[in-house]
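# Summary of the model geometry
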Amino acid sequence: METVLSTPGDTTPALRRAALQRAKGDRGAGEDLPKGLAGYIDTVARHAYKVTDADIAALQRAGHSDDSLFEITVAAAVGAALHRLDRGMAALRGEEPD
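Given the structure is predicted, the values throughout are model-derived calculations rather than measurements.

## Looking at the overall build of the protein chain
Across its full length, the protein chain holds 5 helices and 0 strands. Along the protein chain, helices (α) and strands (β) appear in the sequence α-α-α-α-α when read from the amino end. Considering only C-alpha atoms, the protein chain reaches an extent of 45 × 30 × 20 Å along its principal axes. Counting over 98 residues, the protein chain shows a buried share of 30%.

Shown next as structure tokens:
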């Protein structure tokens, strides 16, 4: 996870961290995300199969490069996976979901 967040890239580590936290379920995270990214991150986290070429094209028109979209997508996917892992572990412990 730390490699996704801290290695040099097209996006800042802060932006990748905000994407990961938002995808992990922290709806307050990423309030200052660039236009369109919050919705994209939510879609990747919850229903990745619903991301369309038109969604990507709109983000590209908004100024996001292919590299930055890849980095945000990976961060969101890792965040979603961590959220699911946390929920699964809580279920094994017999805890109620949030």
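From this point on, the discussion continues.
## Let's talk about the nonpolar core
Counting residues in hydrophobic clusters, the biggest one holds 18 residues, and the most contacted among them are Leu33, Leu37, Tyr40, Ile41 and Ile72. Only α2 (13-23), α3 (37-47) and α5 (66-92) provide two or more residues apiece to this core. Excluding anything up to four places from it in sequence, isoleucine 72 contacts Thr11, Leu15, Ala19, Leu37, Tyr40 and Ile41.

## Some remarks on α5
The terminal C-alpha atoms of α5, which comprises 27 residues, lie 39 Å apart, in line with the 39 Å expected from a rise of 1.5 Å per residue. Every buried residue of α5 is listed here: Ser68, Leu69, Glu71, Ile72, Ala75, Ala76, Gly79, Ala80 and Ala90. Close packing links the buried residues of α5 with α1 (2-6), α2, α3 and α4 (53-61). Note on α5: the residue one or two positions beyond its end, glycine 94, has a positive phi of about 80 degrees.

Basis of the calculations
- Note that residues are indexed from 1 along each chain, following the sequence as it is written.
- Local features in this predicted model are restricted to residues whose pLDDT is 70 or higher, and side-chain atom pairs enter the listing and the counts only when it is 80 or higher, whereas totals over whole chains, interfaces and linings include all residues.
- The basis for the side-chain values is all heavy atoms of the structure; hydrogens and waters are excluded.
- A helix here means a DSSP run of H or I that spans at least four residues, while a strand means a run of E at least two residues long, and both kinds are numbered starting from the N terminus.
- Working definition: with a 1.4 Å probe on protein chains only, accessible area under 20% of the residue-type maximum means buried, over 50% means exposed, and in between means partly exposed.
- Remark: nonpolar core denotes a set of buried residues (Ala, Val, Leu, Ile, Met, Phe, Trp, Tyr, Cys) joined through side-chain atoms within 4.5 Å.
- Note on contacts: a residue pair is in contact if any heavy atoms of the two residues lie within 4.5 Å.
- The span expected for a helix works out to 1.5 Å for each residue beyond the first.

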